[in-house]
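Structural overview
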Amino acid sequence: MTTTITSTLENCTIHETLIIDTFFPYSTSIKPTVSVNYSFPGPLIEAYEGDTLVIRVINRLNVPSTIHWHGMHQYGTPGMDGSVGVSQCAIPPGDEIIYEFKAEPAGTNWYHGHLLQQHTDGLFGPLIIHPRLNPSKQYYDSDRIFMLSDWYNNLSSELIPWFLNPNNPAGIEPPPDAIVVNEQFTQSLFVPVLGAMRIRFRVINAAPLSMYTVSIDGLPLHIIELDNTETIPYSVNSFSIHVTQRVSFYIDLSELYPNYTVSGSSPTNSLFIRFQAVLSMYAVDILNYIPPYEQARYPYPTFFTPLHLGILSLDSTNSTPAYPAGNPIPTLQNAVTPFDMNILAVRPLDRNIDGIPNATHYLPVLITFAQDANGINRAYLNNVTFTSDANYIPTTHEPTEGITSDTYAPLLHQMARKPNQLGIPLLRIEPESQLPTIQSDGNSHYLIPYEAVVDIYLNNTDVGDHPFHMHGFTFWIIATLQYPEAEYLYHGNYIRRDVITVPASGWAKIRFIANNPGAWLLHCHIDWHMTAGMILVLIVSPEQLLSEGYTIPQDQKDLCHALQVFNTNNGTVN
Ligand SMILES: [Cu+2]
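Residues numbered from 1 in each chain as written. Predicted model: local features only at pLDDT ≥ 70, side-chain atom pairs only at ≥ 80, totals over all residues. Heavy atoms only, no water.

This next bit is on the overall build of the protein chain. Counting its regular elements, the protein chain contains 6 helices and 32 strands. For 574 residues, the compact-globule formula gives about 25 Å, and the C-alpha radius of gyration of the protein chain, at 23 Å, lands near that figure. Taking the principal axes of the C-alpha coordinates as reference, the protein chain spans close to 80 × 55 × 50 Å. By the burial criterion, 62% of the 574 residues in the protein chain qualify as buried. Residue pairs at least 24 apart in sequence account for 77% of intrachain contacts in the protein chain once pairs closer than 6 positions are excluded. Surface summary for the protein chain: the accessible area is close to 21,000 Å², and the carbon and sulfur share equals 53%. With 24 positive and 51 negative side-chain charges, the protein chain shows a separation of 3 Å between the mean positions of the two kinds. (Helix = DSSP H or I, 4+ residues; strand = E, 2+ residues; numbered from the N terminus. Rg over C-alpha atoms; globule rule 2.2 N^0.38 Å. Buried < 20%, exposed > 50% of the residue type's maximum accessible area, 1.4 Å probe, protein only. Contact = heavy atoms within 4.5 Å. Areas by Shrake-Rupley, 256 points an atom, 1.4 Å probe, with all protein chains shown as cover. Lys, Arg positive; Asp, Glu negative; His and termini not counted. Charge placed at Lys NZ, Arg CZ, Asp CG, Glu CD.)

All right, on to the coordination of the copper ion then. Within the first shell, the copper ion binds the protein through His466 (ND1), Cys524 (SG) and His529 (ND1), at distances of 2.0 Å. In primary sequence terms, the donor set of the copper ion follows H-x57-C-x4-H. Here histidine 466, found in strand 26 (residues 466-470), pairs with histidine 529, found in helix 4 (residues 527-531); they are 63 residues apart in sequence, far enough to count as distant. Residue histidine 466 shares its accessibility class with histidine 529, and that shared class is buried. (Donors = N, O, S within 2.8 Å, 3.2 Å for Na, K, Ca; no water.)

A separate point is the nonpolar core. Among the nonpolar cores identified, the biggest contains 99 residues, and Phe239 and Leu312 are the most heavily contacted of them. Residues within four places of leucine 312 in sequence aside, it is in contact with Val191, Val193, Phe201, Ile216, Leu219, Ile251, Leu253, Asn269, Ser270, Leu271 and Ile273. Formed by 26 residues, the second largest nonpolar core is a distinct cluster that contains Leu18, Ile45, Ala47 and Phe101. (Core = buried A, V, L, I, M, F, W, Y, C linked by side-chain atoms within 4.5 Å.)

Once that is clear, we can look at helix 6 (residues 554-569). With 16 residues, helix 6 should cover 22 Å at 1.5 Å per step; its first-to-last C-alpha distance of 22 Å lies within 8% of that length. Burial in helix 6 covers these residues: Gln556, Leu559, Cys560, Leu563, Phe566 and Asn567. On an axial view of helix 6, the arc spanned by its buried residues comes to 125°, and they lie on one face. Residues His561, Thr568 and Asn569 are exposed on helix 6 and point more than 90 degrees away from its buried face. Of the residues one or two after helix 6, glycine 571 is the one with positive phi, at around 70°. (Expected span 1.5 Å × (residues − 1). Arc of directions from axis to C-beta.)

A separate point is the packing of aromatic side chains. Ring pairs (aromatic) are described by centroid distance and by the angle formed between their planes. As enumerated under the stated definition, the model contains 23 aromatic pairs in all. For the ring pair tryptophan 151 and phenylalanine 185, a centre distance of 5.9 Å and an interplane angle of 90° mean the geometry is edge-to-face. Placement of tryptophan 151 in strand 9 (residues 142-151) and of phenylalanine 185 in the loop between strand 10 (178-181) and strand 11 (189-192) is noted, with a sequence separation of 34 residues between them. Taken individually, tryptophan 151 and phenylalanine 185 each receive the classification buried, so the pair is uniform in this respect. When the centroid spacing of 5.4 Å and the interplanar angle of 85° are considered together, the rings of phenylalanine 272 and tyrosine 323 count as edge-to-face. Of the two residues, phenylalanine 272 is situated in strand 18 (residues 270-277) and tyrosine 323 in the loop between strand 19 (307-313) and strand 20 (361-371); the sequence distance between them amounts to 51 residues. As far as the burial class goes, phenylalanine 272 and tyrosine 323 line up, both buried. One aromatic cluster is present, built from ring pairs that chain together Tyr26, Phe40, Trp110, Phe124, Trp151 and Phe185. When the ring centre of tryptophan 476 is taken as reference, the NZ or CZ atom of arginine 496 above it lies at 4.3 Å. (Phe/Tyr/Trp six-rings, centres within 6.5 Å; stacked < 30°, edge-to-face > 60°. Lys NZ or Arg CZ within 6 Å of the ring centre and 35° of its normal.)

This paragraph deals with unusual backbone geometry. A cis amide bond links phenylalanine 40 with the next residue in sequence, proline 41, at an omega value of -5°. Tracing the sequence through the fold places proline 41 in the loop between strand 2 (33-36) and strand 3 (45-48). A cis amide bond, omega 0°, links glutamate 104 with the succeeding residue proline 105. Locating proline 105 in the fold gives a position in the loop between strand 6 (96-102) and strand 7 (107-112). Here asparagine 37, not a glycine, exhibits a phi torsion of approximately 55°, which is positive. Of note, asparagine 37 is situated in the loop between strand 2 and strand 3. On the accessibility criterion, asparagine 37 (28% relative accessible area) is partly exposed.

So, about the pattern of salt bridges. Applying the stated criterion across every chain yields a total of 13 salt bridges. Linking aspartate 51 and arginine 132 is a salt bridge whose minimum nitrogen-to-oxygen distance equals 2.7 Å. You can see aspartate 51 sitting in the loop between strand 3 and strand 4 (52-59) and its partner arginine 132 sitting in the loop between strand 8 (124-130) and strand 9, a full 81 residues away along the chain. In this structure, the salt-bridge partner of arginine 200 is glutamate 225, at a minimum N-O distance of 3.1 Å. Note that arginine 200 is positioned in strand 12 (residues 198-205) and glutamate 225 in strand 14 (residues 221-226), a separation of 25 residues in sequence. You can call glutamate 225 buried: its relative accessible area is 2%. What you see here is one network of salt bridges that share partners, running through Asp227, Arg246, Arg497 and Asp498. (Salt bridge = Lys/Arg side-chain N within 4 Å of Asp/Glu carboxyl O.)

For the protein chain, the average pLDDT comes to 90, and 92% of its residues sit at 70 or higher. Note that residues 389-397 has pLDDT below 50 and, in this model, 33 contacts with residues that lie over four places away or in other chains. (pLDDT = per-residue confidence, 0-100.)

Right under this line is the structure:
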């Protein structure tokens, strides 16, 4: 995929129509992949920062659906976030909704489903917002996208009952069957150079489970963007990218390792691009483990091949490299291999010239897994597993006091309808911090005052890493267990991202300013962990929401009503 947009200095309105429907991207596949516009991944959406995106989303599935615009701040448009049960009702089959929001911030973003693990089933695509002024443009002549993901031979609706099951007490995540990059499986992704010497690659990890290590044989990778923050170029041999993180780097072909030849003869005409799954992150030995639901009839491997080889074609003939893929990769000079998953040594291009405000509030989040009363392994944040709202488990009515889980009353609507009756306790001083501690209603809804500067301490008791994403905000990463020195080394100039990988049996500390009233998810982005309940919601200032003039739009009310009619007609229990 190559970006195509041409430069403009005026803010534009960009109209897109996205159809959500199933299709079969591979002639041999029997899995009805959930897609946008019958494409996997979905089509590239591009805009300039400050443009208005008007996106009509039509649901042609036979179940409700939605699309979340990952990385978009949605300042002043909290109803456009696409989070079912939080910012909107789901779009029922045959219905549609128009999303309208400002394209900000600039950077490498993406869109994906946010209901029923439709994202796992293929519902995602790239969303690139170009800055008006692009200082990084000096580094590259060509701009490409790698959208990588896990491929499952089965639909998530077949896998979830196996995953959330007393017979899976350890909570083993369904192992993926293959790695797919831009629709291609290993050894079938060809990237012709097409005369460019310096190429930017935007890597988007759209996987539901896997972290990958990315490298290109014989070339240093110069990182220039993490999530949607531009950075000072940082040269690496390889880097790891966890679920929903984005990393942009450029390569300069004049830097190709001089001895990268075949047995001393002429240099190779192509190079392997390596997307290596990190085997230590899986709960089982996936090279040998065949889960009981796998069946031989599938055309793709029923065991995981942990290395996806793409081919960078230097002469654009798409010939395969003249050296074996197993050859050792030379260690490059002037390039490092980052030791932490969040690559905190990478420095933002724009210094935080106004400094970073001190925290005014504190929110500790304890991450655990445990079996529930039915013996099912579930995820807990502060001892609560999220079984409502985003997980689409409805209740029947909405009392006047307290937040409820109601399929037809998203949290944002409840904030507007009963701003003073959300049933969330006031701030408290607790032993862990001198700052007031953010409280919840005991059902994962945390009330945050307007413009509070909140330090979130994510304390992970689990033996796996968890990539947490915050909707509606970017945050500063202060430090992690892997790099505790970052707190003072980079004091006053922390990097901003919208994903933080919390290390296994470790912690991460982030800070954000609650300047965007609305209901915003904070959750692990591994789909299986979301389904297991690793979600909470930040309820940011209902008073400010109303004083900024928010009212529930008629089309959103109509959508909730249409969903109710659909569910009633189809006998969905409510
Ligand atoms: Cu997780």
